[in-house]
Amino acid sequence: MRKITAIYTFILLMILFVGLVIINDVLFDSSRIDLTEQKVFTLSDGSHQIIDEIEEPVTLHFFFSEDATKGMTALRNYADRVKSLLREYEKAANGKIRLRIIDPEPFSEAEDKAARFGLTGATLGNNNDTVYFGLAGTNTLDDQITIGFFDPQKANFLEYDISKMLHQLSIGSSPKLALITDLPVQGGQNPVTGQNESSMVFYEQLSQLFDVHLISPEDTQLPEDTAVVMLAHPPQMSEALKYAIDQYAMAQGQVIAFVDPHYESDMLSLMGNQQANRSDMSLLKSWGVDIPPDTIVLDGTLGLEVQSASGGVVKHPGYMGLGSEQLHDDDVITANLDSVNIASAGEITLLPSSTLDMEVLMQTSDDGFVTETEYYLSHPDPQDLQQKLGPNGQVKIVAAHVTGTTISAFGQPPEGADRTQFKATTDKLNLLVISDADMLADRFWVQQNQFFGQTLYSPFANNGDFVVNAAENLAGSNALINVRSRGQFARPFSRVESLERKAQKQYREHEQKLRDELAQTESQLARLQNQQGQGTSLVLTDEQQRTIDAFVEKRVAIRKQLRDVQYELRSDIDKLGNWLKFVNIAAAPLVLVMTLYLLTLVLRRRAGSRFNRN
């Protein structure tokens, strides 16, 4: 009878297990619980907004080589994460996004399809297999956008890259951005070196989101249906172009101005030209915004480290690394940016007669000063510039959002202009002013690297994010900004890092002790050797031998202490790791086994009581 009861109990448990699995798959398949601190596995509000704006169906073709990546655990794990996120998009779109998961095996039609989309096959592994790991998106208008290869090092931007693709496919045509500049944004041959240079990264990023029209400062008009006008260190502009920009702003147009009292990232300035390379700031002053061209902002705290003339490392007070404390965290343009690097920037103020409002976006620390532009140019040594710093610094504004009421820079239309269309004032000026154009130069924020035929950008500051955020904000697209501002996907092991910092501190103390004793002993040996005079042979005295022996013993003892510190470091971390392994591997099964055991006891007692009653 007990044997029959045990069999019935086992059958009931199996039925219960299968039933729970079916209930979980059927009823809770769409349910998700994201336990990460910043909800990084949950689509952001910006992504949901982009999905809601999709009117025509979008098809996403996800290519991943399953067989060629066997044994590549890290890459396969990241592919699973990409696949999971794409399914979240598909579920949230309610049929407006169709996901196709494709394994492009060698010499198959799927591989030909990946090639037609322009995806990049990377040669990885010991067998030199071609691995595809990319995404192609299409819409009903046959527009096509691709992510050539998902770089695990850019995991923090995964959701942003996918949402940007959906945004581009949904809007059909990109907003038009008029970029007024004579900077070599498209690259080309350097007239000084004769070498071909790549296009500037900020320009490439803008081109992915906007229909960018390059406007020469000598041109006379703006393109029709312009969504945003961006000035990028324009030199002297033609009067006709200034009038076109002025009337565009008076008609509630959106203007971004990167202007500079001295742009030092062109070739002539880099070669030591001491003439100020100023932007044309006449329009801004006419509207009520003042950036004195004869002064440059310095900061004694935020200076970036550069190599001095003597070969050492020194902080350059004119090259500033603005951190989160200097970036306005309540504005969507600068919220969640970590750092922006600028150089030889000007100070932004409003003229006393101005009726505009100014919201600060970026500023210096309270250790900010200004110096004459001529002095800055004639004293390139950072140590000379540091002499201009004093004890009583002040916060200086270097980027601001200016809005409100102002008058036109033109009292009347120029000759030949349509007087009936002239606007003398506006109460809705929308202007972003940045008193530095060097921040657009690649050298201050990004490095370019080649990755399996692709050019990948490795930013070390958020200059590019600021530029794109500003353009998208003024063009009316806050959704992508909200996606870009998501938190980090990788959460640090704070306990492990604390243990490492503690041990490293002890290690550095012992290491310094060893160096000090080594220097002291070498000095003592040199003194003993000098006492022997000019003899050509070195005969060790008993005192010298005892000194050397003592040093050797001390060195052995301290090295042993260093090894002990490293061992203790690894020991504490290993103990923590073993405990986490136990919790993850053994604790959960033990809880399940105990639960099943208790359930078995309950069922046995009920079966026994029924048997006794019968």
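All residue numbers here refer to positions counted from 1 along the written sequence of the relevant chain. Thresholds applied to this predicted model are a pLDDT of at least 70 for local features of residues and 80 or more for the giving and counting of side-chain atom pairs; totals over whole chains, interfaces and linings are not thresholded and use all residues. To get the side-chain values, all heavy atoms of the structure are used, and hydrogens and water are removed first.

As recorded by an unreviewed UniProt entry, the chain carries the name ABC transporter and is attributed to Salinimonas iocasae.

Trainee: Help me understand the overall build of the chain in this model?
Mentor: Looking only at helices and strands, the chain has 15 helices and 23 strands in total. Burial classes follow relative accessibility: with a 1.4 Å probe on protein chains only, a residue under 20% of its type's maximum area counts as buried, one over 50% as exposed, and anything between as partly exposed. Within the chain, the proportion of its 614 residues that are buried is 43%. Between two residues, a contact is recorded if the distance between any of their heavy atoms is within 4.5 Å. A fraction of 72% describes how many contacts in the chain between residues 6 or more apart in sequence connect residues 24 or more apart. The protein chains shown are the only cover counted for residues, whose accessible areas, like all others here, come from Shrake-Rupley with a 1.4 Å probe. In the form shown here, the chain has an accessible surface area of approximately 34,200 Å², with 50% of it arising from carbon and sulfur atoms. Numbering of helices and strands runs from the N terminus, with a helix taken as a DSSP run of H or I at least four residues long and a strand as a DSSP run of E at least two residues long.

Trainee: Is there a simple way to explain the side chain of D260 in this structure?
Mentor: Assignment of secondary structure puts D260 in the loop between β11 (254-258) and α8 (267-270). Under the convention used here, Asp and Glu are negative, Lys and Arg are positive, and both His and the chain ends fall outside the count. When a carboxyl oxygen of Asp or Glu is within 4 Å of a side-chain nitrogen of Lys or Arg, the pair counts as a salt bridge. In this structure, D260 is buried with no salt-bridge partner, the nearest side chain bearing the opposite charge being R278 at 8.9 Å. Under the rule applied, a polar contact is a pair of N or O atoms within 3.5 Å (in protein, one hydrogen donor and one hydrogen acceptor; residues adjacent in sequence only if both atoms are side-chain atoms). Within the local environment of D260, its side chain forms a polar contact with the backbone nitrogen of H262, the two atoms lying 2.9 Å apart.

Trainee: What should I look at first to understand the pairing of strand β21 (residues 425-434) in this one?
Mentor: Side-chain positions along a regular strand alternate between the two faces of the sheet. In terms of burial, β21 is a largely internal element, seven of the 10 residues being buried. Strand direction decides the pairing type here: β11 and β21, joined by five bridges, are parallel. Paired with Q254 across the bridge in β21 is N430. Pairing between two strands requires that DSSP report at least two bridges joining them.

Trainee: So what exactly am I meant to see when it comes to the sheet that holds β21 here?
Mentor: In sheet architecture, strand pairing relies on hydrogen bonds along the backbone and comes in two forms, parallel and antiparallel. Pairing within the open sheet is mixed, and its seven strands lie in the order β9-β6-β10-β11-β21-β20-β18. What marks the edges here is a single partner per strand, and that holds for β9 (211-215) and β18 (356-363). The average undirected angle you get between the axes of adjacent strands in this sheet is 20°. Pairing analysis gives seven bridges linking β18 to strand β20 (residues 397-407), with the strands arranged antiparallel. Residue pairing for β20: V360 is matched across the bridge by A400. Contacts between helix α7 (residues 239-250) and the sheet are confined to β6 (176-180), β9, β10 (226-232), β11, β20 and β21, with β10 contributing the most and set at about 130° to the helix. Comment: axis = line fitted to C-alpha atoms, over the contacting stretch for helices; angle = value between 0 and 180 degrees taken between N-to-C directions.

Trainee: Explain helix α2 (residues 45-52) here, please?
Mentor: One turn of the α-helix equals 3.6 residues, which is why residues spaced by three or four share an orientation. Along α2, the residues that are buried comprise G46, S47, I50 and I51. In a view along the axis of α2, the buried residues occupy a sector of 140°, so they form one face of it. Exposed positions of α2 whose direction lies more than 90 degrees from the buried face are D45 and D52. For this quantity, the arc is that covered by the directions from the helix axis to the C-beta atoms.

Trainee: Where do I start with unusual backbone geometry in this structure?
Mentor: One can expect most non-glycine residues to show negative phi and most peptide bonds to be in trans. One non-glycine residue, N94, lies in the positive phi region at around 55°. Following the sequence through the fold, N94 ends up in the loop between α3 (73-92) and β2 (97-102). Phi at F107 takes a positive value of approximately 60°, unusual for a residue other than glycine. Structurally, the position occupied by F107 is in the loop between β2 and α4 (109-116). Take F107: its relative accessible area is 84%, and that puts it in the exposed class.

Trainee: Explain the packing of α3 against helix α5 (residues 158-171) here, please?
Mentor: Geometrically, a packed helix pair is captured by the angle between its two axes and the distance between the axes. At a closest axis distance of 11 Å, the pairing of α3 and α5 adopts a crossing angle of 45°. On the basis of their axis angle, the class for α3 and α5 is oblique. Like other packed secondary-structure pairs, α3 and α5 cross with a definite hand, here right-handed. Residue-level inspection shows Y78, R81, V82, L85, L86 and Y89 of α3 in contact with α5, the latter providing L158, E159, I162, S163 and L166. Each angle is binned into one of four classes, with values under 35 degrees roughly parallel, values over 145 roughly antiparallel, values of 65 to 115 roughly perpendicular, and all other values oblique. Each crossing is labelled by how the near helix is turned from the far one, with a counterclockwise turn of less than a right angle marking it left-handed and a clockwise turn marking it right-handed.

Trainee: Help me understand a negative patch on the surface in this model?
Mentor: A contiguous patch of negative charge on the surface is contributed by D52, E53, E55 and E56. Its place among the elements puts E55 in the loop between α2 and β1 (58-64). Residue E55 is classed as exposed on the basis of its relative accessible area of 72%. To count toward a patch, a residue needs a relative accessible area over 30% and no salt bridge; like charges are then connected within 9 Å, while nonpolar side chains (Val, Leu, Ile, Met, Phe, Trp, Tyr) are connected within 5 Å. Charge coordinates come from a single atom per side chain, which is NZ of Lys, CZ of Arg, CG of Asp or CD of Glu.

Trainee: What's the story with a nonpolar patch on the surface in this structure? I'm lost.
Mentor: The grouping of I7, I11, L12 and I15 at the surface amounts to a nonpolar patch, some 360 Å² of accessible area in total. Looking at where I7 falls in the secondary structure, it is placed in helix α1 (residues 2-27).

Trainee: Explain the pattern of salt bridges here, please?
Mentor: Pairs can form between side chains of opposite charge whenever their charged atoms are close. Tallying each qualifying case throughout the model produces six salt bridges. Close ionic contact of K70 with D67 constitutes a salt bridge, the shortest N to O distance being 3.8 Å. Here K388 and E372 are joined by a salt bridge, their closest N and O atoms 3.6 Å apart. Highlighted residues: K388 in the loop between α11 (382-386) and β20 and E372 in strand β19 (residues 368-372), separated in sequence by 16 residues. Taking the relative accessible area as the measure of exposure, K388 reaches 31% and is therefore partly exposed. The exposure class of E372 is partly exposed, given its relative accessible area of 43%. Taken together, the shared-partner salt bridges connect E66, R76 and K83 into one network.

Trainee: When you look at the environment of A479 in this model, what are you seeing that I'm missing?
Mentor: Residue position: A479 is located in helix α13 (residues 479-484). Residues in contact with A479, not counting those within four places in the same chain, are G46, Q49 and I50.

Trainee: Honestly, the packing of aromatic side chains in this entry has me stumped. Any pointers?
Mentor: Each pair of aromatic rings is reported with the distance of its centres and the angle of its planes. Only rings of Phe, Tyr and Trp enter the pairing, Trp through its six-membered ring, and a pair is recorded when the two centres are within 6.5 Å. The plane angle decides the type: under 30 degrees is stacked, over 60 is edge-to-face, the rest tilted. Scanning the model with the defined rule gives 10 aromatic pairs in all. Aromatic side chains Y243 and F410 sit 5.2 Å apart centroid to centroid with 90° between the ring planes, which places their arrangement in the edge-to-face category. Taken together, the residues span a long stretch of sequence, with Y243 in helix α7 and F410 in the loop between β20 and β21 at a distance of 167 residues. Judged by relative accessible area, Y243 falls into the buried class, the value being 11%. Judged by its relative accessible area of 15%, F410 falls in the buried class. Connected via pairs of aromatic rings, a cluster forms that spans F62, F64, Y78, F133, F149 and F150. The ring centre of Y375 lies 4.6 Å from the NZ or CZ of K388, which sits over that ring. Whether a charge sits over a ring comes down to the Lys NZ or Arg CZ being within 6 Å of the ring centre and within 35 degrees of the ring normal.

Trainee: What is the right way to look at the sheet that holds strand β15 (residues 313-323) in this model?
Mentor: One open sheet accounts for three strands, arranged β14-β15-β16; its pairing is antiparallel. Each edge of the open sheet carries a strand with a single partner, namely β14 (303-307) and β16 (339-343). The sheet shows a mean angle of 45° between the axes of neighbouring strands, direction not considered. Pairing geometry for β14 and β15, over five bridges, is antiparallel. Each residue of the ladder has a partner; that of G303, found in β15, is M320.

Trainee: Could you clarify how one ought to interpret the nonpolar core in this entry?
Mentor: In globular proteins that are soluble, nonpolar side chains generally tend to be buried together. Counting 94 residues, the largest nonpolar core has F133, L206, M230, I256, F258 and M362 as the members making the most contacts within it. When residues of this core are assigned to their parent elements, the largest contribution, seven residues, is made by α3. An automatic or database domain assignment supplies the start and end points of every domain. When residues of this core are sorted by domain, at least three fall in each of domain 1 (11-16 + 41-170) and domain 2 (176-189 + 196-475). In plain words, nonpolar cores are sets of buried Ala, Val, Leu, Ile, Met, Phe, Trp, Tyr and Cys residues tied together by side-chain atoms within 4.5 Å.

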